[in-house]
Amino acid sequence: MAVLDQNAAFPMAGSAAGEAARTDHAVLWLGLLSVLYNGILAFINHNIMPLSLTHVAASEGLIMASAILYILHKGIYETDLPAFLFLLFTLVVTIYVSVLNRMLFVDHFRNVLIIFCFSGLGGWSNEKTMKLAFRWASLAVMIFLIFEIVSVPFYVSIVHPSDYFANTRGLLPLSYNTTGLFQNALGFPERFSFGIIDHRSSSIFLEQVSLANFCGVIAIYLISMWERIGRWDRLLFVGTAVLILVTNDTRTMLIFCFACIAGYFVFPKIPRNFNLALMPLIVAAGFLVYTLKPNATGDNFTGRINLTMKKIMELDPLAILGLSVDRVAEFADSGYVYLIYAATIFGVIALWLFVCLFPAGRTAAQRRCAHSLSLFIFLNMMIGGTAVFSMKIAGLLWFVVGYMRFHDSPRLRQDRAADVES
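Let us look at the structure shown here. Every value quoted in this text rests on a predicted model; they were computed, and no experiment measured them.

Before going further, it helps to examine the pattern of salt bridges. In total, this model carries 7 salt bridges according to the counting rule given. Between glutamate 207 and lysine 392 there is a salt bridge, with the nearest N and O atoms lying 2.8 Å from each other. A residue pair is termed long-range when its members are at least 10 positions apart, and glutamate 207 in the loop between α9 (161-169) and α10 (208-225) and lysine 392 in helix α18 (residues 391-405) qualify at 185 residues. You'll find glutamate 207 and lysine 392 in the same group, each marked buried. Of the charged contacts, one joins arginine 368 and glutamate 227 as a salt bridge, the two residues approaching to 3.9 Å between their closest N and O atoms. Placement of arginine 368 in helix α17 (residues 364-383) and of glutamate 227 in the loop between α10 and α11 (231-248) is noted, with a sequence separation of 141 residues between them. Since its relative accessible area comes to 8%, arginine 368 is described here as buried. Since its relative accessible area comes to 59%, glutamate 227 is described here as exposed. Beyond isolated ion pairs, a larger network of salt bridges with shared partners links Glu127, Lys131 and Arg228.

Taken as a whole, this structure holds 2 cavities of 30 Å³ or more when the rule is applied. In this structure, the second largest cavity spans a volume of roughly 40 Å³. As for the second largest cavity, its lining consists of Thr90, Val93, Thr94, Val97, Phe105, His108, Phe109, Ala342 and Ala343. Secondary-structure elements contributing two or more residues to the lining of the second largest cavity are α5 (81-101), α6 (107-124) and α16 (335-357). Taken together, the residues of the lining of the second largest cavity break down into 6 nonpolar, 3 polar and no charged.

Cut-off values and rules
Residues numbered from 1 in each chain as written. Predicted model: local features only at pLDDT ≥ 70, side-chain atom pairs only at ≥ 80, totals over all residues. Heavy atoms only, no water. Salt bridge = Lys/Arg side-chain N within 4 Å of Asp/Glu carboxyl O. Helix = DSSP H or I, 4+ residues; strand = E, 2+ residues; numbered from the N terminus. Buried < 20%, exposed > 50% of the residue type's maximum accessible area, 1.4 Å probe, protein only. 1 Å grid on protein atoms, 1.4 Å probe; cavity = no way out; pocket = protein on both sides within 12 Å on 5 of 7 lines; lining within 4 Å. Points joined across faces, edges and corners; volume = space filled by probe spheres on them. Nonpolar A, V, L, I, M, F, W, Y, C, P; charged D, E, K, R; others polar.

In structure tokens:
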């Protein structure tokens, strides 16, 4: 496949203002579907016909295939090489792991393919298209969240999360769950809560972890684009984020959102390459917490950190080289350990380098995006599992990262006639 020179290959594109005023409907719908597809499938499953895991996989595959076709139609240019080489390296690791373990294991490749697809779409998106994607996605999340808060029976009558996960994931509801909600959203009395509702909210995502992480995606979008969005959009995004925080009982995203508020002022002063130190610092902080409170357990911040630290210290040496992929399901709640088992230590290093170095860092807005992205992913991997790699979250997350990579340095050249006149 030929790699095209960025400056020589682009055709004349007319004025930048005319390009920015055009809505790219293909990019818009792919961005929206990454957030909404599970809700759409749940509606079909409950109201039209039963679905299975095959339908979910086919839907994800269709979205990613459409994104790949769009990107290939545009072409792979020099500025796209980091994402393309990251995907290619992951493919090699996937083949290596599958051959060594004598089983096809593509989970990590799927995660990286999502990153490739949506960072690519974001890189080709203009500002109007990206704003519309975030606006309509946030509005859908807000509407379904209000439905869930006001009337759980009405919310369940639309998407019935319990039935959806039973049919598509084989997660049968427990006997005490008669609500129709996903059972993990019910929480328990000792959990941190604002007490607004009697369960952890899920909205269009059907389960609570993705909704919590979507709040983080909104925070990254807000601090990256705050100066370029209008008053009503600011109100919509801030209102959606606040409503998620007070109903989802998410401690991690509450901390992350406060960090982003401070980061709006601090991040522009920090070089982008500082991100390379962030993951080691977070892991070191995890070891410190474990050292100070080695007996901490339970579904709280220190308990989740200790769980990850214990699993890191109990790592199977063969897992570092990808020889224990059959155990990967045991570590769905510990992101760092999961990645080591799924992608080898080399895959973890590749992800670390890509997350830190792929975002641009020329402008203040780009540095806000770069630092908040690294904090979001590396903090999540310490206290959670793989939720940040699912399409529901990673889609719009990498969409905005891809867009911000070309922020103030658009792909499309100015009309050459204008260049001659100048």
